[in-house]
Amino acid sequence: RLYREHGVRQDGQMVPIIFGKDVPLRGKERWSVTTELHTAEEQHVIDLARALSADTSQSLSPASVERAQRAFLTAHPKIDPNDAHWQQQAEVSRRLAAGGRLGIAVGVAGAGKSTLISPVVAAAKAEERQVFGIGRGWKQATSLREAGVDPESIAAVAAFLKRAQEGRIKLDDRSVVIL
């Protein structure tokens, strides 16, 4: 009752709590609890993502992506360029490269995310952009070598952010960060 009436301390300030009913799980009622500040911060991230997604000012050229895709297929002759799976990967690759400053592609393990990102990495390098590969942990980050990210440009998220904050990594409008 006190939390409901007075809220909780978050980031040094008292903020109201929001209670909401979740989708039942195995027939049992579920409730979620958050704060107004969390909700506002989440909305801010969503707004930033939408704005970055719409900003195509730093898109890669379609010609460089097409060249990178052809080179990838030449280097991987076992991939059938007419196969539906490759066609889907190539389309996602084109969308990421030609899209906004934030692009998201989601796939299950083994779906070919490294394959589809490889031409994007190659096209970005061809356009003389610095490509960084980051992952939640080092194991996930190092798997981006398969996509062509240079080993010295790979890091776990925490290490990458620390290096950027300290100025050891210089990020600019021509930087490409793959997570």
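The rules behind each value
- Residues numbered from 1 in each chain as written.
- Predicted model: local features only at pLDDT ≥ 70, side-chain atom pairs only at ≥ 80, totals over all residues.
- Heavy atoms only, no water.
- Phe/Tyr/Trp six-rings, centres within 6.5 Å; stacked < 30°, edge-to-face > 60°.
- Helix = DSSP H or I, 4+ residues; strand = E, 2+ residues; numbered from the N terminus.
- Buried < 20%, exposed > 50% of the residue type's maximum accessible area, 1.4 Å probe, protein only.
- Lys NZ or Arg CZ within 6 Å of the ring centre and 35° of its normal.
- Axes fitted to C-alpha atoms, helices over the stretch in contact; angles between N-to-C directions.
- Left-handed = near helix turned anticlockwise from the far one by under 90°.
- Contact = heavy atoms within 4.5 Å.
- Nonpolar A, V, L, I, M, F, W, Y, C, P; charged D, E, K, R; others polar.

**A closer look at the packing of aromatic side chains**
Tallied over the entire structure, the rule returns two aromatic pairs. Geometrically, the ring pair formed by Phe-72 and Trp-86 is stacked, given 5.7 Å between the ring centres and 10° between the ring planes. Of the two residues, Phe-72 is situated in helix H3 (residues 62-75) and Trp-86 in helix H4 (residues 84-98); the sequence distance between them amounts to 14 residues. Note on accessibility: Phe-72 and Trp-86 belong to one class, buried. Geometry around Phe-19 places Arg-4 over its ring, the cationic atom sitting 4.5 Å from the centre.

**Details of the packing of H3 against H4**
Put simply, H3 and H4 touch, their axes get as near as 10 Å, and they point 145° apart. Of the two elements, H3 crosses H4, and the hand of that crossing is right-handed. Only Trp-86, Ala-90, Ser-93, Arg-94 and Ala-97 of H4 make contact with H3, whose side of the interface consists of Val-65, Gln-69, Phe-72 and Leu-73. Taken together, the residues of the contact of H3 with H4 sort by class into six nonpolar, two polar and one charged.

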